[in-house]
Amino acid sequence: MVIPSESPAARTLTQPALADLADIPATSRWVRSGAMRLHVLDYGPDDGVPVLVLPGITSPAITMDFVARELTDLVRPLVLDVRGRGLSDSADTEPAGYDLGSYAADVDAVVAGLGLRRPILLGHSMGARIAARAAVTGRHELRGAILVDPPMSGPGRGAYPTTLEAFLGQLDQARRGTNADEVARSWPRWPRREQELRARWLSSCSRAAIAATHAGFESEDFFADWPHVPAPAVLLYGGDSPVVTADGAAEAARANPAAELVPVPGAGHMVFWDEPETALATLRDALRKL
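About the thresholds
Residues numbered from 1 in each chain as written. Predicted model: local features only at pLDDT ≥ 70, side-chain atom pairs only at ≥ 80, totals over all residues. Heavy atoms only, no water. Pairing = 2+ DSSP bridges. Helix = DSSP H or I, 4+ residues; strand = E, 2+ residues; numbered from the N terminus. Axes fitted to C-alpha atoms, helices over the stretch in contact; angles between N-to-C directions. 1 Å grid on protein atoms, 1.4 Å probe; cavity = no way out; pocket = protein on both sides within 12 Å on 5 of 7 lines; lining within 4 Å. Points joined across faces, edges and corners; volume = space filled by probe spheres on them. Nonpolar A, V, L, I, M, F, W, Y, C, P; charged D, E, K, R; others polar. Buried < 20%, exposed > 50% of the residue type's maximum accessible area, 1.4 Å probe, protein only. Contact = heavy atoms within 4.5 Å. Right-handed = clockwise from strand over helix to strand, strands pointing away. Phe/Tyr/Trp six-rings, centres within 6.5 Å; stacked < 30°, edge-to-face > 60°. Polar contact = N/O pair within 3.5 Å; in protein donor to acceptor, adjacent residues only side chain to side chain. Parallel < 35°, antiparallel > 145°, perpendicular 65-115°, else oblique. Left-handed = near helix turned anticlockwise from the far one by under 90°.

> Looking at this model, I keep getting lost on the sheet that holds strand β3 (residues 50-54). Mind explaining?
In a beta sheet, neighbouring strands pair by backbone hydrogen bonds and run either parallel or antiparallel. The strand order across the open sheet formed by eight strands is β1-β2-β4-β3-β5-β6-β7-β8, and the pairing between neighbours is mixed. If you trace the sheet from one side to the other, it starts and ends with β1 (27-33) and β8 (260-264), each paired once. Going across the sheet, the axis of each strand differs from the next one's by a mean of 20°, ignoring polarity. As paired elements, strand β5 (residues 120-124) and strand β6 (residues 144-148) share five bridges and run parallel to each other.

Here it is in structure tokens:
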């Protein structure tokens, strides 16, 4: 497919978006991964078990604040602005700048750069795929991995249920100036604050990053990595998710029998946004076990 290109300047953040950081109980950290400058929100405490949080395809780090801030009594959440999102650099000019190998290399760089000892990887959607690849190929010892509703599309499988056109249409809305009411038309179940954050932060995402990652959902096979993700590993999925269906969950259980699979009843693909209380309780149980 042809990946849309754009000037890095096309990624924008308004003053109200940047001011959102004043309300986040986290410290900005910066790490280099090759030439890439990556931004991480570190929620502390410094002596907590590090949990590196890897968000989804159009989710800058700040959009997972409502999850991270509820975990600091258990662990030390650190949320990555994945390359091409939020405050991290774009990789639009690199031929394979948004493939799983590049994303996993960034995970290695963050773990090394911040001196994270035996972290837990926690990824949602795209981030779950990254976590799987990093758990298999990474250079650092992990305490475990929690994958939340990873896309199971891939070669010879069905298409990812949300089209690229839908993602890019929402990006165009954000760049011309959207609001929470318009976001709510696409994501009506979300808490109002999360709709507001998406309205302000989606424009920070690179068009090329979204397009290349979406293409990867269908060209890179999750099941090439998943059987090799070492224990302890947990796969959380939405009970009503169109991404991890009942058949997909059954296949995942067969492919990695040492892993624990846990449904979140009533949740779709956007597990934490759809059922915040239930999903957070389920996540906390999984973290306690690790």
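Once you've had a look at it, read on.
> Where do I start with the layout of surface pockets in this structure?
If a probe the size of a water molecule is rolled over the atoms, the empty space left behind becomes visible. Of the volumes computed, that of the largest pocket is approximately 270 Å³. Around the largest pocket, the lining is made up of 20 residues, and of these Tyr160, Thr162, Trp187, His269 and Met270 lie nearest the centre. Of the residues that constitute the lining of the largest pocket, the class distribution is nine nonpolar, eight polar and three charged.

> Where do I start with helix α7 (residues 192-201) in this structure?
Side chains of residues three or four places apart in an α-helix project in the same direction, reflecting 3.6 residues per turn. For α7, the set of buried residues is Glu194, Gln195, Leu197, Arg198, Ala199 and Trp201. Buried positions along α7 lie against α1 (15-19), α2 (65-68), α5 (164-176), α6 (180-186) and α10 (271-274).

> Where do I start with the pairing of strand β7 (residues 233-238) in this structure?
Within a regular beta strand, the side chains point alternately toward one face of the sheet and then the other, so they alternate between its two faces. Burial analysis of β7 places six of its six residues in the buried class, the great majority of the element. Residue alternation in β7 divides its side chains into two sets, Ala233, Leu235 and Tyr237 and Val234, Leu236 and Gly238, and both sets are buried. By the bridge criterion, four bridges tie β6 to β7 in an arrangement that is parallel. For Ile146, the partnering residue across the bridge sits in β7 and is Val234. Where β7 meets β8, five bridges bridge the pair, whose relative direction is parallel. Along β8, the bridge assignment pairs Val234 with Glu260. With helix α9 (residues 246-255) bridging β7 and the parallel β8, this β-α-β connection has right-handed handedness.

> Sorry if this is basic, but what is going on with the packing of aromatic side chains here?
For any pair of aromatic rings, the description rests on two quantities: the centre-to-centre distance and the angle between the ring planes. Counted according to the given criterion, the structure contains eight aromatic pairs. Seen from their ring centres, Tyr160 and Phe217 are 4.7 Å apart, and the 45° between their planes marks the pair as tilted. With a gap of 57 residues between them, Tyr160 in the loop between β6 and α5 and Phe217 in helix α8 (residues 207-219) connect regions that are remote in the sequence. Residues Tyr160 and Phe217 agree in their burial class; the two are buried. Where Phe222 meets Phe223, the ring centres are 5.4 Å apart and the plane angle is 75°; that geometry is what we call edge-to-face. You'll find Phe222 and Phe223 in the same group, each marked buried. In textbook terms, an aromatic cluster arises when at least three aromatic residues are bridged by ring pairs, as seen for Phe66, Trp187, Trp190 and Trp273.

> How should unusual backbone geometry be read in this particular structure?
Across the chain, the bulk of peptide bonds are trans and the bulk of non-glycine residues have phi less than zero. A cis amide bond links Gly44 with the next residue in sequence, Pro45, at an omega value of -5°. Cis peptide bonds are those with omega within 30 degrees of zero, and the linkage from Ala231 to Pro232 qualifies with 0°. Inspection of the secondary structure assignment puts Pro232 in the loop between α8 and β7. Even without being a glycine, Ser125 presents a positive backbone phi close to 55°. Among the secondary structure elements, Ser125 is positioned in the loop between β5 and α4 (126-137).

> Got a minute to help me understand the side chain of Asp42 in this structure?
In this fold, Asp42 is placed in strand β2 (residues 36-42). Looking at Asp42, the relative accessible area reads 3%, which means it is buried. There is a polar contact of 3.0 Å between the side chain of Asp42 and the backbone nitrogen of Gly44. Asp42 has contacts with Ala26, Thr27, Arg29, Arg76, Pro77 and Leu78, leaving out every residue within four places of it along the chain.

> Explanation requested: the packing of α5 against α8 in the structure shown.
The relative placement of two packed helices comes down to the angle between their axes together with the axis-to-axis distance. Packing of α5 against α8 brings their axes to within 10 Å, and their N-to-C directions diverge by 165°. As judged from the angle between their axes, α5 and α8 are roughly antiparallel. Crossing angle aside, the handedness with which α5 passes α8 is right-handed. Contacts from Leu164, Phe167, Leu168, Leu171, Asp172 and Arg175 in α5 reach Arg207, Ile210, Ala211 and His214 in α8.

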